[in-house]
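Here's the letter readout for the chains.
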Amino acid sequence: MPTQTVHMAVYDTLADWEVGAATAHINKQSWHREPGKFQVKTVGLTLDPITTMGGMRIVPDVVLADLTPADSAMLILPGAETWETGELDPFARKAAEFLDAGVPVAGICGATFGLAKQGLLDTRAHTSNVAEYLAYSGYSGGDRYLDEPAVTDGDLITAGATAPFDFAREVLRRLGVYEPHVLDGWYRLFAHSDPAGYAVLAEYEAQLAGASH
């Protein structure tokens, strides 16, 4: 199976905690369980290093202008302090290009503001931090807002800043990283510290280890 690339947008003040669960387990599935299935690459406005909200320095792999939907399995848009200023509008325009091509987009926290401003939430069920936050974008999709941690509508995933594991679950589900029962165990373990979830993942790991011998 050829490797599929998931692209994650990176920019200054990126909110580290919002996307780590998703990207770590996409990559873990690739290098630890099923080599060659997925890889995560970062995409920036330029190739200049960015600094996350947590002080991490990231050098983008790809320039946004060079990215096409055909190159990607998904575009992930983290929150940042600059979504409301319009500085990150090019990423929202790229998201529109992806959705038009039938390639999924996942946005969390401030990224939902950019998606709303671009008109991408006007006709799709969605969520964010709170409904009032998106209202400031001037969008017309308020009647499609759902008070949920994370929402998937077709190829679009949205989530609020306090729901990184709900966001990750929707991303992993949309990509097909885990079978449904394994994903349920993953979510119960990481989102709720449920020991039963660990048992599901341990059994899954054992089955994979057995299949590899």
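Keep in mind that this is a model prediction, so the values were computed, not measured.

Visitor: Sorry if this is basic, but what is going on with the pairing of strand E7 (residues 105-108) here?
Guide: Residues in a regular strand project their side chains so that they alternate between the two faces of the sheet. Of the two faces of E7, the one holding Val105 and Gly107 and the one holding Ala106 and Ile108 are both buried throughout. Bridge analysis of strand E6 (residues 74-77) against E7 gives three bridges, and the strand direction is parallel. From the neighbouring strand, isoleucine 76 faces E7, where its bridge partner is alanine 106. With helix H2 (residues 89-100) bridging E6 and the parallel E7, this β-α-β connection has right-handed handedness. Across four bridges, the pairing between E7 and strand E9 (residues 156-159) is parallel. Residue pairing in the sheet places glycine 107 in a bridge with threonine 158 of E9.

Visitor: Would you take a moment to explain the sheet that holds E7 for this structure?
Guide: Two orientations exist for strands paired in a sheet by backbone hydrogen bonds: parallel and antiparallel. Pairing in this open sheet of seven strands is mixed, and the strands run E5-E2-E1-E6-E7-E9-E8 from one edge to the other. Each edge of the open sheet is held by one strand with a lone partner, namely strand E5 (62-63) and strand E8 (150-153). One ladder, built from two bridges, connects strand E2 (residues 38-44) with E5; its direction is parallel. Each bridged residue has a counterpart across the sheet, and for valine 43 the counterpart in E5 is valine 62. Against the sheet, H2 makes contact with strand E1 (4-9), E2, E6, E7 and E9, and its axis sits at roughly 150° relative to E6, the strand it touches most.

Visitor: Whenever I open this one, the packing of aromatic side chains confuses me. Can you help?
Guide: Under the criterion given, the structure shown has seven aromatic pairs. Residues phenylalanine 165 and phenylalanine 190 carry aromatic rings whose centres are separated by 6.5 Å and whose planes lie at 15° to one another, so their mutual orientation is stacked. Note that phenylalanine 165 is positioned in helix H5 (residues 164-175) and phenylalanine 190 in helix H6 (residues 180-192), a separation of 25 residues in sequence. Phenylalanine 165 gets classed as partly exposed once you look at its relative accessible area, which sits at 28%. Between the aromatic rings of tryptophan 186 and phenylalanine 190, the centroid separation amounts to 5.4 Å while the plane-to-plane angle is 40°, which identifies the pairing as tilted. Of the two residues, tryptophan 186 and phenylalanine 190 are both situated in helix H6; the distance of four residues between them amounts to about one turn of the helix. Taking the relative accessible area as the measure of exposure, tryptophan 186 reaches 1% and is therefore buried. On the accessibility criterion, phenylalanine 190 (34% relative accessible area) is partly exposed. Put simply, the rings of Tyr11, Trp83 and Phe91 touch in pairs and so form one group of aromatic residues. A cation sits over an aromatic face here: arginine 169 above tyrosine 187, 3.8 Å from the ring centre.

Visitor: What am I meant to see in the side chain of threonine 42 here?
Guide: Relative to the assigned elements, threonine 42 resides in strand E2. Residue threonine 42 is classed as buried on the basis of its relative accessible area of 12%. Setting aside residues no more than four positions away along its own chain, threonine 42 makes contact with Met8, Val10, Ile58, Val59, Pro60, Asp61 and Val62.

Visitor: Would you mind going over unusual backbone geometry with me for this structure?
Guide: The backbone of threonine 13 shows a phi angle near 70°, a positive value even though the residue is not glycine. Among the structural elements, threonine 13 can be located in the loop between E1 and helix H1 (16-33). In this structure, cysteine 109 is a non-glycine residue whose phi angle is positive, near 55°. Within the secondary structure, cysteine 109 sits in the loop between E7 and helix H3 (110-117).

Visitor: Is there a simple way to explain the pattern of salt bridges in this structure?
Guide: In a structure, side chains of opposite charge can pair up when their charged atoms sit close to one another. Scanning the entire structure with this criterion turns up nine salt bridges. Where glutamate 170 meets arginine 169, a salt bridge forms, and the shortest distance between an N and an O atom there is 3.8 Å. Between aspartate 194 and arginine 188 there is a salt bridge, and its shortest N-O distance comes to 3.7 Å. With a relative accessible area of 24%, aspartate 194 lands in the partly exposed category.

Procedures and definitions
Residues numbered from 1 in each chain as written. Predicted model: local features only at pLDDT ≥ 70, side-chain atom pairs only at ≥ 80, totals over all residues. Heavy atoms only, no water. Buried < 20%, exposed > 50% of the residue type's maximum accessible area, 1.4 Å probe, protein only. Helix = DSSP H or I, 4+ residues; strand = E, 2+ residues; numbered from the N terminus. Pairing = 2+ DSSP bridges. Right-handed = clockwise from strand over helix to strand, strands pointing away. Contact = heavy atoms within 4.5 Å. Axes fitted to C-alpha atoms, helices over the stretch in contact; angles between N-to-C directions. Phe/Tyr/Trp six-rings, centres within 6.5 Å; stacked < 30°, edge-to-face > 60°. Lys NZ or Arg CZ within 6 Å of the ring centre and 35° of its normal. Salt bridge = Lys/Arg side-chain N within 4 Å of Asp/Glu carboxyl O.

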